[in-house]
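The lines below spell out each chain.
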2 protein chains.
Amino acid sequence: MKRIAILGATGSIGKSVCAIADQFPDEFRITAISANTNIDSLRALITKYRPASVAILDETESVKLQGEHTGNMKVFSGSKGIMELINLPDVDIVINALVGFAGVAPTIRAIECGKTIALANKESLVVAGEIIMELARRKNVRILPIDSEHNAIWQCLVGEEASGVRRIILTASGGPFLYASNAAVENATVDEALNHPKWKMGRKISIDSATLMNKGLEVHEARWLFDLPAHKIDVIVHPQSIVHSMVEFADGSIKAQLGVTDMKLPIQYALFYPQRKGNETCRLDLSLMRELTFMPPDKIKFPCLQLAYDALDAGGTAPAILNAANEMAVEAFLNKKIRFGDIPRIVESALAGVHRQPASLESLYAADGETRTFASNIIHNAIAA
Amino acid sequence: MKRIAILGATGSIGKSVCAIADQFPDEFRITAISANTNIDSLRALITKYRPASVAILDETESVKLQGEHTGNMKVFSGSKGIMELINLPDVDIVINALVGFAGVAPTIRAIECGKTIALANKESLVVAGEIIMELARRKNVRILPIDSEHNAIWQCLVGEEASGVRRIILTASGGPFLYASNAAVENATVDEALNHPKWKMGRKISIDSATLMNKGLEVHEARWLFDLPAHKIDVIVHPQSIVHSMVEFADGSIKAQLGVTDMKLPIQYALFYPQRKGNETCRLDLSLMRELTFMPPDKIKFPCLQLAYDALDAGGTAPAILNAANEMAVEAFLNKKIRFGDIPRIVESALAGVHRQPASLESLYAADGETRTFASNIIHNAIAA
């Protein structure tokens, strides 16, 4: 019986983790959950799973929750609350499904506590990949990727020697604007950008998928998870989203992992690895798989992908700047303060304008803060203009 | 330095093995080669590789060859000659690239001699799969599949637990008659049938690819190589021949192996396993991989595939009967004695008409002989009619 803490339990990934726990009640118990602001969903999860501990961002809500549950359930609050959950003795695996930079510190904390991490939070490795992987090696902690792409690569690499890998090929659906004109993309609405053709996901990652920044962040993740330089990580657009990614080996052979577009599949793989357990709900119907198409990404229409490669090449705090500027820009777009086409421009400006430094935890946090100030100024001026 | 014997060195597979040996001269030495009747090609190989031993079917030719090479090269002859090559002390790996039933006894011999076998001869496992796999287990001998499909499955299974496999999906190009009418297939000419759209192969296997019997024989091979029942082995038509086969796991995940249509790739994998060595000549250009299509096989137009499944279900000597009838029918077709459409009819008649028995080496050899008599009668009568 593995005991699971879900950080960000009320989001899309959290729900898929719960679905797997429901399917395999003898294998998993959800002992700790956190939520940001979605108190109603959190209450429903508490009723269903009766976790020993919960964390909620808001202090007042936490007091209310504690009042409702006079039993043994502990309630933590604030961003510190999440950190408390991680080190609980009845937690074996930490699922980090937090959104954005807020996920970085909990990943580091989990490694320091020696807990296995199932990582859905992309930003952890984008911002602090080198530091996190080095720490994980030192603490002998496994980081299990539950992104569908990195999970696919992990599956393709099982039983293979690292020295035999020529390159990784991340597949990208291409997002909702794959066939849109450049002008239409520039002025895309929030609803259009959120309308992902293949995956039902949270709002931040849906917008990142529409700009292809999501794929850029995944290039960063792959660089650290699989210890490969950026030039060995390629992206190919595959609109059907059936091939979740591929690995090309030195001899010319390519292995691909295919499956339904359902996060339960990579989550289950990570939680049961190295075993495979039967799951009839995630079967890909091959009789429906008539045609798989592939094409190179359009780096002109979607500048974020190249910006991500550039930041990875630059190293130091550049990825933290990329990420913070992107988080700010996406939030401003979702709040209808800027145009869709402004997102890459804000990221590009930040990469050019924010002072870069070698990477350390301090410099990365500083870069995140500076970039947020820098980006909010641009956004403010854009609105004023 | 691995020392290789190539049985059937002058054929298509033999040439690919030589090409790999040429690319990696420090890793492999070709110490023994055999040929059936192609004496000119054999002479060229002798000049190039200076093997310590050769075997040629024809007695007179063997005497001539021995006369030409007064040095240390040993020349063997007859079907016994091949058996002599296998047990030579300077042979580590036996490549069995023989065509048809003639490959069965050398496979068994290699296992008995404790030699690693790279198996391209399909008929070994079709005819005597159970006996051969049991013998290989007892003698602790590895059988390395160099068929592109089984090699692909092997690659997909590396690092996976056998209990996690739900099914194997063999891909089939569909052959030259994928889009032909039933009437056109019935009366297809030899040239049309030999004109495979994707693979350059020997004559026997090219005709088997055109009837889909080749895929049926591969279902048999997969059944024994991977110890899976027939209902866990499916066939899907994939005209581009880029995905060489797939494995579906219990959790719904599918792994596929992709590559160029070049036998050097699976041969290299088998010879270097578990290592992957760099080979720039076998790279799949992903920018050319625009579209991969898949469709179910047409078992009405190509009855041989279902006949192969039926023979596998029947067990005992039925697969030997299937194989012998098919060999006879293909030869008769290549000699323009029967129509293309007669091939499945002859196989079906043999499966219905030749007495079946439980499998033993004796009964399998007897079934092979009886079926050849049975089939030659049908062919004779068909010509007379």
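It should be noted that the structure appears before, not after, this text.
In this report, we go over the structure that sits alongside the text. All values reported here derive from a predicted model rather than from experimental measurement.

About the cut-offs
- Residues numbered from 1 in each chain as written.
- Chains lettered and ligands numbered in written order.
- Predicted model: local features only at pLDDT ≥ 70, side-chain atom pairs only at ≥ 80, totals over all residues.
- Heavy atoms only, no water.
- Least-squares fit on C-alpha atoms with pLDDT ≥ 70 in both.
- Contact = heavy atoms within 4.5 Å.
- Pairing = 2+ DSSP bridges.
- Helix = DSSP H or I, 4+ residues; strand = E, 2+ residues; numbered from the N terminus.
- Axes fitted to C-alpha atoms, helices over the stretch in contact; angles between N-to-C directions.
- Buried area = accessible area lost by both parts, 1.4 Å probe.
- Salt bridge = Lys/Arg side-chain N within 4 Å of Asp/Glu carboxyl O.
- Polar contact = N/O pair within 3.5 Å; in protein donor to acceptor, adjacent residues only side chain to side chain.
- Nonpolar A, V, L, I, M, F, W, Y, C, P; charged D, E, K, R; others polar.

**Overview of the relation of the copies chain B and chain A**
Consideration 1: Mapping chain B onto chain A is achieved by rotating through 180° and translating by 0.0 Å along the same axis, at an RMSD of 0.0 Å. In symmetry terms, the pair is related by a two-fold rotation axis. Identified as the residue of chain B closest to the rotation axis by C-alpha distance is Gly-159 of chain B, at 1.9 Å.
Consideration 2: Taken as a fraction of all interface residues of chain B, those also at the interface in chain A reach 100%, which identifies the copy contact as same-surface.

**A short note on the sheet that holds strand β8 (residues 165–172) of chain A**
Consideration 1: Pairing is mixed across the open sheet formed by 8 strands, whose spatial order is β9(A)-β8(A)-β10(A)-β11(A)-β11(B)-β10(B)-β8(B)-β9(B). Each end of this open sheet is capped by a strand with a single partner; those strands are β9 (233–237) of chain A together with β9 (233–237) of chain B. Put simply, the sheet's adjacent strands are angled 20° from each other on average, direction ignored.
Consideration 2: Of the strand pairs in this sheet, strand β11 (residues 254–258) of chain A and strand β11 (residues 254–258) of chain B are connected by 5 bridges, and their pairing is antiparallel. Across the sheet, residue Gln-257 of chain A finds its bridge partner in β11 of chain B, namely Lys-255 of chain B.
Consideration 3: Running over the sheet, helix α7 (residues 148–157) of chain A touches β8, β10 (243–249) and β11 of chain A together with β11 of chain B and is turned about 40° from β10 of chain A.

**Considering the interface of chain B and chain A**
Consideration 1: Opposite the 43 residues of chain B that make contact, chain A presents 43 residues.
Consideration 2: Taken over both partners, the interface formed by chain B and chain A buries close to 3,800 Å², and the fraction arising from carbon and sulfur atoms is 51%.
Consideration 3: Sorting the residues of chain B by area buried against chain A places Asp-251, Arg-276 and Leu-286 of chain B first, and these three jointly supply 19% of that buried surface.
Consideration 4: Inspection of the region where chain B meets chain A yields 8 salt bridges.
Consideration 5: Here Glu-248 of chain B makes a salt bridge to Arg-283 of chain A, at a shortest N to O gap of 3.1 Å.
Consideration 6: Summed over the shared surface of chain B and chain A, the result is 26 residue pairs in polar contact (both at pLDDT 80 or more).
Consideration 7: Secondary-structure elements contributing two or more residues to the side of chain B that touches chain A are α7 (148–157), β8 (165–172), β10 (243–249), β11, α12 (264–272) and β12 (291–293) of chain B.
Consideration 8: Across the side of chain B that touches chain A, the residue classes break down as 19 nonpolar, 11 polar and 13 charged.
Consideration 9: With 3 bridges connecting them, strand β12 (residues 291–293) of chain A and β12 of chain B associate as antiparallel partners. Bridge pairing in β12 of chain B places Glu-291 of chain A opposite Thr-293 of chain B.

**Regarding the environment of Pro-297 of chain B**
All names here are of chain B.
Consideration 1: The topology assignment puts Pro-297 in the loop between β12 and α13 (303–314).
Consideration 2: It is 20 Å that separates the C-alpha atoms of Pro-297 and Leu-194, two residues lying 103 residues apart in sequence.
Consideration 3: Sequence-distant contacts of Pro-297, that is, excluding residues within four places in its chain, are made with Leu-212, Val-235, Ile-236, Val-237 and Leu-305.

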